[in-house]
Amino acid sequence: MSEKFFRPRACSLHPPTCGLYAGAMKYDFDQDIERRGTDSVKWGVHPDNVIPLWIADMDFRSPEPVIEALRARVNHGVFGYGLPRKLAGVLTDRMKKLYDWTVDEPQIQFLPGIVPGLNVAFQAFAAPGEGVLAQPPLYFPILRDPPEHGRILQDPPLVRNGDSYEIDFELFENTITEATRIFVLCNPHNPVGRVYTKPELEKIAEICLRRRLIVCSDEIHCDLIYPPYHHIPIAALGPEVEDRTVTLMAPSKTYNVAGLECGFALIRNAELRRAWKNISHGTLPGVNLMGIVAAAAGYSQGQEWLEQVLAYLQGNRDFLLKYFREKMPEIGMCKVEGTYMAWLDCRKAGIPGNAAKFFLEKSQVALSDGADFGKGGENYVRLNFACPRRRLILALDRMKSALGSL
Ligand SMILES: Cc1ncc(COP(=O)(O)O)c(C=O)c1O
């Protein structure tokens, strides 16, 4: 490991008190890394004076072992078609170790991204005119893509309960019709930050099995969870659930390698796998070679970095919550159990018009517009807090002063 990137130090801004990481922070997440001019969508679409806290990637360097593995691969200089065989072994070991879940290599279907995977599922398991069930507010491609391809979106919203959200199971079940084929679970949930509990997952599974639905479980944020919460892949609840579930995971959020386009679906049921392959073969490209390299290095050597980035993110989350409570109480921040997104309720802030537009124009802070996340998202914004703390403070101060000028 290169010393250049590892600065052992105790950080005064965020003492590692969260229990995730008990040692001194080696990685420097306070480092201000210039991303303008690097083909970054997050940093490329707004003027230079805007602080971009919108799309879901982090402003941190990836784990050093990931960077080293990519560097070695670049130095090799031959970039032919990839074969993720070693990665498949890493993934089966990981599922066993983290979740006591036995996954066999043929179950793994590699993907260039989770959105393509969701779309394969929509087309493989629901015919035109059939239904896809999903619960807004929700990561918007899940709501947008089924109707764009002739499927019916059935969208009973999550229900706000205090500073969090829960599933109204009666509404959930009553929305299911003869035409419903798929339920798309998003766990951890983007944007509301929930990590579903075992009883919640069991109830979802019970309803979906009884109503003969296929569960398509988007678990892309599964490694970004704060104590005391734990991720449970719904498929790991038991063989009956696994038999009706397609699980989607990726290293992209975990190690901040979304641009390298590598993900995977885990499908136990051979019939579902056949239907999946019928749609995906010839339409989806293979996984990016660099994505394979990054994923294998991250999953096998990125744990120390992951623990440290989670400690830093938890510090940012707690800082945000305190800031809103003490200095911007007119904005309500929902509880963040997982992900690096804060879901902010602006309904009582007296903002004229659209809140995301207001903060972009008046404070030069780019947030995601809650309305894009479907029912229940109006007058909310989503804030990505995966950035150096000082940048977060600057953005919050700007937002506060824009609200103060109302
Ligand atoms: C829940 C969820 N699913 C999927 C994606 C996108 O995945 P990909 O970039 O691999 O298509 C995101 C990105 O933010 C997400 O939050």
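Nothing here was measured: the structure is a model prediction, and the numbers come from that model.

J.: Before we move on, could you go through the nonpolar core and cite the residues and values that matter?
T.: Of all hydrophobic cores here, the largest spans 75 residues; its most connected members are Tyr340, Leu383 and Phe385. The contacts of Tyr340, once residues within four sequence positions are left out, are Ala56, Asp57, Met58, Leu224, Tyr226, Lys253, Leu313, Leu383, Asn384, Phe385 and Ala386. Ranked by size, the runner-up nonpolar core spans 26 residues in total, among them Ala134, Ile142, Cys186 and Ile214.

J.: Please provide a residue-by-residue account of the environment of Leu224, values included.
T.: Along the chain, Leu224 falls in the loop between β8 (214-218) and α8 (239-242). Note: C-alpha distance between Leu224 and Gly338 (114 residues apart in sequence) is 5.5 Å. With residues up to four places along the chain from it excluded, the contact list for Leu224 reads Lys253, Thr254, Leu306, Leu310, Gly338, Thr339 and Tyr340.

J.: Which residues make up the pairing of β8, and what are the values?
T.: In terms of burial, β8 is largely enclosed, as five of its five residues are buried. Side chains Ile214, Cys216 and Asp218 project from β8 onto one buried face, and the interleaved Val215 and Ser217 project onto a second face that is buried too. Once you follow strand β7 (residues 180-186) into helix α7 (residues 198-210) and on to β8, the crossover reads as right-handed. Of the pairings in the sheet, the one linking β8 to strand β9 (residues 245-249) comprises four bridges and is parallel in character. Across the sheet, residue Cys216 finds its bridge partner in β9, namely Val246.

J.: Got a sec to walk through the side chain of Asp223? Specific residues and values, please.
T.: Mapped onto the elements, Asp223 comes out in the loop between β8 and α8. Asp223 sits in the buried class, given a relative accessible area of 10%. Engagement of the side chain of Asp223 in a polar contact is seen with the side chain of Thr254, the distance being 2.8 Å. Excluding residues that lie within four positions of it along the chain, Asp223 makes contacts with Arg94, Leu98, Tyr99, Thr254, Tyr299, Leu306 and Leu310.

J.: Mind laying out the sheet that holds strand β3 (residues 131-134), listing which residues take part and the relevant values?
T.: On the basis of which strands lie adjacent, the open sheet formed by seven strands has the order β2-β10-β9-β8-β7-β3-β4 and mixed pairing. Strands with a single pairing partner mark the edges of an open sheet, and in this sheet they are β2 (108-111) and β4 (152-154). The average undirected angle you get between the axes of adjacent strands in this sheet is 20°. Relative to β4, β3 runs parallel, the two sharing three bridges. Residue pairing in the sheet places Gly131 in a bridge with Ile152 of β4.

J.: Can you tell me about the site of the ligand, naming the residues and giving the values?
T.: Around the ligand, the surrounding shell consists of Ala56, Gly113, Ile114, Val115, Pro116, Tyr139, Cys186, Asn190, Asp218, Ile220, His221 and Lys253. Asp218 places a side-chain nitrogen or oxygen 2.5 Å from a nitrogen atom of the ligand. For the ligand, an oxygen atom lies 2.8 Å from a polar atom in the side chain of His221. If the ligand stood free it would expose 400 Å²; the protein chains cover 86% of that surface. Examining the composition of the shell around the ligand, we find that three residues originate from one element, helix α4 (residues 114-125), more than from any other. Residues that form the shell around the ligand fall into these classes: seven nonpolar, three polar and two charged.

J.: I'd like a rundown of the environment of Leu406, residues and numbers included.
T.: Structurally, Leu406 can be placed in the segment after α13 (389-404). Residues Leu406 and Ala349, 57 residues apart in the sequence, show an inter-C-alpha distance of 9.5 Å. Discounting chain neighbours no more than four positions away, the residues touching Leu406 are Ala349, Gly350, Ile351, Pro352 and Phe358.

J.: Give a detailed account of the packing of α4 against helix α9 (residues 270-280), specifying residues and quantitative values.
T.: Running from N to C, α4 and α9 cross one another at 110°; their axes reach a closest spacing of 9 Å. Classified by the angle between their axes, α4 and α9 sit roughly perpendicular to one another. Crossing of α4 over α9 shows right-handed handedness. Touching Gly117, Val120, Ala121, Gln123, Ala124 and Phe125 of α4 are Leu272, Ala275, Trp276, Ile279 and Ser280, all from α9. When grouped by side-chain class, the residues that make up the contact of α4 with α9 number eight nonpolar, three polar and no charged.

J.: Let's hear about the pattern of salt bridges: which residues, and what values?
T.: Evaluated as defined, the whole model comprises 31 salt bridges. Among the ionic pairs, Asp59 bridges to Lys42, the shortest N-O distance being 3.2 Å. You can see Asp59 sitting in the loop between β1 (51-52) and α2 (64-76) and its partner Lys42 sitting in helix α1 (residues 41-44), a full 17 residues away along the chain. Residue classification places Asp59 among the buried residues on the basis of a relative accessible area of 3%. One salt bridge in this structure joins Glu202 and Lys198, with 3.9 Å as the shortest N-O distance. Taken together, the positions of Glu202 and Lys198, both in helix α7 and four residues apart, correspond to about one turn of that helix. For Glu202, a relative accessible area of 40% puts it in the partly exposed group. The exposure class assigned to Lys198 is partly exposed, which follows from its relative accessible area of 43%. Linked through salt bridges whose partners overlap, the residues forming this network are Asp32, Arg35, Lys42, Asp57, Asp59 and Arg391.

Quick notes on the rules
Numbering of residues starts from 1 in every chain and runs along the sequence as written. Given that this is a predicted model, residues contribute local features only at a pLDDT of at least 70 and side-chain atom pairs are listed and counted only at 80 or more, while totals for whole chains, interfaces and linings are drawn from all residues. Side-chain calculation: all heavy atoms of the structure are included, whereas hydrogens and water are not. Side-chain atoms within 4.5 Å are what join buried Ala, Val, Leu, Ile, Met, Phe, Trp, Tyr and Cys residues into a set we call a nonpolar core. A 1.4 Å probe rolled over the protein chains alone gives each residue an accessible area, and that area as a share of the maximum for its type sets the label: buried under 20%, exposed over 50%, partly exposed in between. In what follows, residue pairs with any heavy atoms lying within 4.5 Å of each other are defined as contacts. Labels follow the DSSP assignment, with helices taken as runs of H or I lasting at least four residues and strands as runs of E lasting at least two, numbered in each case from the N terminus. When the strands point away from the viewer and the path from the first strand over the helix to the second turns clockwise, the crossover is right-handed. Strand pairing is defined by DSSP finding a minimum of two bridges between the two strands. We define a polar contact as two N or O atoms separated by no more than 3.5 Å, with the added condition that, inside protein, one atom must be a possible hydrogen donor and the other a possible acceptor, whereas residues neighbouring each other in sequence contribute only through side-chain atom pairs. Axis definition: a line fit to C-alpha positions, over the contact stretch in the case of helices; interaxial angles, taken between N-to-C directions, run 0 to 180 degrees. It suffices for a single heavy atom of a residue to lie within 4 Å of a molecule or strand for the residue to be listed as near it. Here the accessible surface of atoms and residues is derived via Shrake-Rupley with a 1.4 Å probe, and residues count as covered only by protein chains that are part of the display. Classification convention: Asp, Glu, Lys, Arg as charged; Ala, Val, Leu, Ile, Met, Phe, Trp, Tyr, Cys, Pro as nonpolar; all other residues, Gly among them, as polar. Any angle from 65 to 115 degrees is called roughly perpendicular, while one under 35 is roughly parallel, one over 145 is roughly antiparallel, and all others are oblique. Should the near helix be turned counterclockwise from the far one by less than a right angle, the crossing is left-handed, whereas a clockwise turn marks it as right-handed. Each reported salt bridge corresponds to a side-chain nitrogen of Lys or Arg within 4 Å of a carboxyl oxygen of Asp or Glu.

Keep in mind these numbers describe shape, not what the thing actually does.
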